[in-house]
Amino acid sequence: MTSSILISPSILSADFARLGEEVRAIDEAGCDWVHIDVMDGHFVPNITIGPMVVKALRPHTQKPFDVHLMISPVDLYLDAFAQAGADIITVHPEAGPHIHRTVQHIKSLGVKAGVVLNPGTPAKMLDYLIDDIDLILIMSVNPGFGGQSFIENQLRKIEACRKMIDKSGRDIRLQVDGGIDLVTAPKAIVAGADVLVAGTATFRGGPSAYADNIRKLRGG
Ligand SMILES: O=C(CO)[C@@H](O)[C@H](O)COP(=O)(O)O
Ligand SMILES: [Fe+2]
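Residues numbered from 1 in each chain as written. Chains lettered and ligands numbered in written order. Predicted model: local features only at pLDDT ≥ 70, side-chain atom pairs only at ≥ 80, totals over all residues. Heavy atoms only, no water.

1. A word on the overall build of the chain
For the chain, the helix and strand inventory stands at eight helices and eight strands. Since a compact globule built from 220 residues should have a radius of gyration of about 17 Å, the 16 Å found for the chain is in line with a globular shape. A burial count over the chain gives 54% of its 220 residues as buried. A separation of at least 24 residues holds for 65% of the contacts in the chain among residues at least 6 apart in sequence. Looking at the chain as shown, the accessible area adds up to about 9,600 Å², and 54% of this sits on carbon and sulfur atoms. Positive and negative side-chain charges of the chain, numbering 21 and 25 respectively, have mean locations separated by a distance of 4 Å. (Helix = DSSP H or I, 4+ residues; strand = E, 2+ residues; numbered from the N terminus. Rg over C-alpha atoms; globule rule 2.2 N^0.38 Å. Buried < 20%, exposed > 50% of the residue type's maximum accessible area, 1.4 Å probe, protein only. Contact = heavy atoms within 4.5 Å. Areas by Shrake-Rupley, 256 points an atom, 1.4 Å probe, with all protein chains shown as cover. Lys, Arg positive; Asp, Glu negative; His and termini not counted. Charge placed at Lys NZ, Arg CZ, Asp CG, Glu CD.)

2. Details of empty space enclosed by the protein
By the definition in use, this model includes one cavity of 30 Å³ or more. The space that makes up the largest cavity amounts to roughly 30 Å³. Val74, Val91, His92, Pro93, Ala95, Gly96, Pro97, His98, Ile99 and Thr102 together form the lining of the largest cavity. Partitioning the lining of the largest cavity into residue classes produces six nonpolar, four polar and no charged. (1 Å grid on protein atoms, 1.4 Å probe; cavity = no way out; pocket = protein on both sides within 12 Å on 5 of 7 lines; lining within 4 Å. Points joined across faces, edges and corners; volume = space filled by probe spheres on them. Nonpolar A, V, L, I, M, F, W, Y, C, P; charged D, E, K, R; others polar.)

3. Some details on the side chain of Lys157
With respect to the secondary-structure elements, Lys157 resides in helix α5 (residues 154–168). Buried and unpaired, Lys157 has Glu94 as its nearest opposite-charge partner, separated by 8.3 Å. A polar contact is formed between the side chain of Lys157 and the backbone oxygen of Pro119, at a distance of 3.3 Å. Setting aside residues up to four positions removed in sequence, Lys157 forms contacts with Leu117, Asn118, Pro119, Gly120, Thr121, Ala123 and Ile138. (Salt bridge = Lys/Arg side-chain N within 4 Å of Asp/Glu carboxyl O. Polar contact = N/O pair within 3.5 Å; in protein donor to acceptor, adjacent residues only side chain to side chain.)

4. Details of the nonpolar core
Residues Ile11, Leu69 and Ile136 are the most contacted members of the largest nonpolar core, which totals 64 residues. Not counting residues up to four positions away in its chain, the partners in contact with Leu69 are Val38, Val74, Leu78, Phe81, Ile89, Thr90, Val91 and His92. Counting nine residues, the second largest nonpolar core, distinct from the first, contains Trp33, Leu135, Val141 and Val195. (Core = buried A, V, L, I, M, F, W, Y, C linked by side-chain atoms within 4.5 Å.)

5. Comments concerning the packing of aromatic side chains
Within the structure shown, the criterion is met by one aromatic pair. Pairing Phe203 with Tyr210 gives two aromatic rings, centres 5.1 Å apart and planes at 75°, and the pair type is edge-to-face. Overall, the relative accessible area of 7% leaves Phe203 in the buried class. In this arrangement the basic side chain of Arg58 is found over the ring face of Phe65, its NZ or CZ atom lying 3.7 Å from the centre. (Phe/Tyr/Trp six-rings, centres within 6.5 Å; stacked < 30°, edge-to-face > 60°. Lys NZ or Arg CZ within 6 Å of the ring centre and 35° of its normal.)

6. Quick notes on the packing of α5 against helix α6 (residues 184–191)
Packed helix pairs are specified by the crossing angle of their axes together with the interaxial distance, meaning the distance between the axes. At a closest axis distance of 8 Å, the pairing of α5 and α6 adopts a crossing angle of 30°. Taken together, the axes of α5 and α6 lie roughly parallel to each other. Of the residues in α6, those touching α5 at Leu155, Ile158, Glu159 and Arg162 are Lys187, Ala188 and Ala191. The class makeup of the residues in the contact of α5 with α6 is four nonpolar, no polar and three charged. (Axes fitted to C-alpha atoms, helices over the stretch in contact; angles between N-to-C directions. Parallel < 35°, antiparallel > 145°, perpendicular 65-115°, else oblique.)

Honestly, it's all geometry; don't read function into it.
Given below as structure tokens:
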């Protein structure tokens, strides 16, 4: 397990009229992954993008596409997102009837599998998934929108998941998503997170600010 902090900007806060350019800009600014929030207006109260847009963005960067699925039922769409170029697919246990089967399905597509815990979902949910997953995503806001405030008690869940990961001895990334900025990023890192999703805090100030924003989030 490497201890370096990875930054995965959420393109939910990018300029949707110029998405390809925005993806190239965050790549050049030094991001590690590209976080793509997929919302269906049913699992969460917002609608964003689908596999066709992911496919259209794929030629704009070689950085891993970290695809956060907030859609239900989720299983029907896993193949489409893998074919569109997802490198990591994260799913909510509440988005389908059999989370273990969903994780196996993602892995069968040759894609890394992550499980997302909403603010109200306990870490215990992972007890029988930890042996199979590549990433845990802790939501530090309720899913659906960018620009929300960090829910402080999720730091305890990050700590609990860090212990689970260390105990497992497996190479599992611990990602945090929602309200990450220069105040909350260090807290999440101290609690044990090693991948920070940041939408508002990456894209604020426009393209000329992206490199500085990413460097500061990383703690540099
Ligand atoms: O998954 C989500 C929201 O559901 C996130 O990825 C947000 O897009 C993060 O936005 P900021 O809180 O960083 O603005
Ligand atoms: Fe997200």
